[in-house]
Amino acid sequence: MKLTSVRGMRDFLPEDLAKRRLVEARVRELFELYNYAEIETPVLEHFDLFAKKSGEEITQRMYSFTDLSGRKLVLRPEGTAPVARLMATTLRTSPKPIRLGYIWSFFRYDEPQKGRYRQFYQAGFELFGSKRPEADAEIISVSNQLMKLLGFRGYEFRVNSVAVLREVLKEHNVSEGVQNQTLGLIDKRRYEEVVKTLRASKVSQDCIETMKQLFGIKGTDVPTTISKIKRTVEDYGDAREGLEDLETIVGLLDNPPRILIDAGFARGLEYYTGLIFEVYLPGLPIALIGGGRYDNLVETFGGEPTPAVGCAPGIDRLVLAMEEQEVATDEQRPAVVYVVPVGEMRTKAMEISAKLRQEKVRVELEVSGRGLKQCLSYARAREYEYVVIVGPEEAKKGMVILRDMKANVQTELPVERLPSQIKR
Ligand code: AMP
C-alpha cells in the first residue's frame, strides 16, 4: 500500500492551510466589496463541457473517467466553463449584469513543478452581461486590488487582445482550427512553429509577416505600444477595433497597475474573444492571476448571447509568491487558552471553558487526563499563550489560576475576570 499522497497533490498541514485561507479571506473581502455572489458547482462535470471550448492544452490533461452508468465525466480543470453552463441554464433569465465568484479546487494532469500542481485552488470573478469596457476595467481593477491587499509590490499586468490576433488570421481566411492551434503556440511563445503551421496551411506571406511583426511589439509605455500595434494592423478593420477596445479599457483604469502591452501574448483557453491578461511578479515566471473576455461561451452552451469577462487568481501561486516576496502570511490569530482540570475538576473545567467561549475566547480543553507538569510542557511545545489551571482549592473560592506562558508568571483570580485578563 502506498502511503504518500498522489503525485502533484498536496496535504495541507495547519500552517499551509492557514496561508491559503488568508488569501481566500482577501478574495472573499473583494467578493463583498465588488458585490460578487459566491457560488459552488460540482467537482465532477460532463467531459463535453470542457471538450468544446477550453482548448487542447487543458482538455488533453483532464482527469477523465467513465462512471458506473457509462457517463464520461471529468474532474473540473477550470472554472469558467461550469459557471457559463449555469448562465446558459439555471441563471438564463436572471437579470444582467450578474457577478459571480468562487474559490474551488481544480485538477489537471500537469507536470508537477514549482507553482504547478495536479490539484490546485483558484478563485474566480466572473461578470456576465456587459460588452462594455467598464466591465473589463472592473476585472483588472479587482485583480489589482487583490495584489495590493496581499501586500505585493512591483507586479506587472501583461495585457493583450486576442481579437487583434484572431482578426488578422480571419482576414486571411485562416480556419478556426488553425487559429486555435496558432494561439496555443503563441501562448507557449513558440513563434517559429506558428510560422511553420501557417505556412503548412498555405496562409499568405502577408499574414505571416503581420503576425511576425506583432510578436515583436511590447512595451510598458501604453500609448506608444498601442500606436505601434495600430500601425501594424492598419489594414485590418476588425483587429483595429479590438485594439481600440483595449485602449479604452486601459484608459478607464483608476490608479492603474504597471501594464505591459504585449502583442505576442495569448492564453491557452480557446474561449477568449477580446482582452486577455496575466499578472506577474519580477523574478517569478508563473502567472499569478489570469483573465479575459469571453463573449461567446454562454451561447456556445446553448444560452442567450451573453458577453462576459472574468479573472482567476491562482490561490496556491499567490501563497508561493507571498513566501518568495516575504510578504507577511501569518495573520494575528487569537490567543489560545488551554484549560487544565486538576483532580476531580473536569466538570468545572468544562463549565469555565464554555463561559470563555461565550466571551469569544479560543479555548482548548485538556482531555487526556495528564498531570499538570505534562500539560505545561505540552502547552509550551504548542506555543499556547495561556493556561488556566482549575484546582479544587481555588474552585471553592470561585477562583482559578491563570498562567501567562510567555511571561512565565501565574496569578490567582476570579473566573469572571478571566476574559478581560486574556490578551486576544
Ligand atoms: P488558467 O485557468 O490556465 O487560465 O489559469 C489561471 C490561474 O490558475 C493561473 O494564472 C495560475 O495562477 C493558476 N493555475 C493554473 N494551472 C495551475 C496548476 N497546474 N497549478 C497551480 N496553479 C495553476
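Keep in mind it's a predicted model, so treat the numbers as computed, not measured. (Residues numbered from 1 in each chain as written. Predicted model: local features only at pLDDT ≥ 70, side-chain atom pairs only at ≥ 80, totals over all residues. Heavy atoms only, no water.)

Trainee: Tell me about helix α8 (residues 191-200), and please be specific about residues and values.
Mentor: Taken together, the buried positions of α8 are occupied by V194, V195, T197 and L198. Relative to the axis of α8, the buried residues are bounded by an arc of 165° and lie together on one face. Exposed side chains of α8 directed beyond 90 degrees from the buried face belong to E192, K196 and A200. (Buried < 20%, exposed > 50% of the residue type's maximum accessible area, 1.4 Å probe, protein only. Helix = DSSP H or I, 4+ residues; strand = E, 2+ residues; numbered from the N terminus. Arc of directions from axis to C-beta.)

Trainee: A description of the packing of aromatic side chains should follow, citing residues and the corresponding values.
Mentor: This structure, assessed with the given rule, holds 17 aromatic pairs. Geometrically, the ring pair formed by W104 and F106 is tilted, given 6.3 Å between the ring centres and 45° between the ring planes. For the residue pair W104 and F106, the accessibility class agrees, reading buried in each case. Note that K72 overlies the ring of F47, its terminal NZ or CZ placed 3.9 Å from the centroid. The side chain of R118 reaches across the aromatic face of Y109, ending 3.7 Å from its centre. (Phe/Tyr/Trp six-rings, centres within 6.5 Å; stacked < 30°, edge-to-face > 60°. Lys NZ or Arg CZ within 6 Å of the ring centre and 35° of its normal.)

Trainee: Lay out the side chain of S130 in plain terms, naming residues and giving numbers.
Mentor: As for its placement among the helices and strands, S130 is situated in the loop between β6 (119-128) and α5 (133-149). Aside from chain neighbours lying at most four places away, what touches S130 is A135, R293, P307 and A308. (Contact = heavy atoms within 4.5 Å.)

Trainee: An account of the sheet that holds strand β15 (residues 386-390) is needed here, citing residue identities and associated values.
Mentor: Across the sheet, 5 strands lie side by side as β14-β13-β15-β16-β17; this open sheet has mixed pairing. Every interior strand has two partners, whereas the edge strands, β14 (362-365) and β17 (409-414), have only one. For this sheet, the mean angle separating the axes of adjacent strands, direction not counted, is 25°. With 5 bridges joining them, strand β13 (residues 336-341) and β15 adopt parallel strand pairing. Following the sheet pairing, V340 is matched in β15 by I389. Sheet strands touched by helix α14 (residues 346-358): β13, β14, β15 and β16 (399-404). Its angle to β14, the strand with the most contacts, is close to 165°. The strands touched by helix α15 (residues 372-381) within the sheet are β13, β14, β15 and β16, with β13 carrying the most contacts at an inclination of about 170°. (Pairing = 2+ DSSP bridges. Axes fitted to C-alpha atoms, helices over the stretch in contact; angles between N-to-C directions.)

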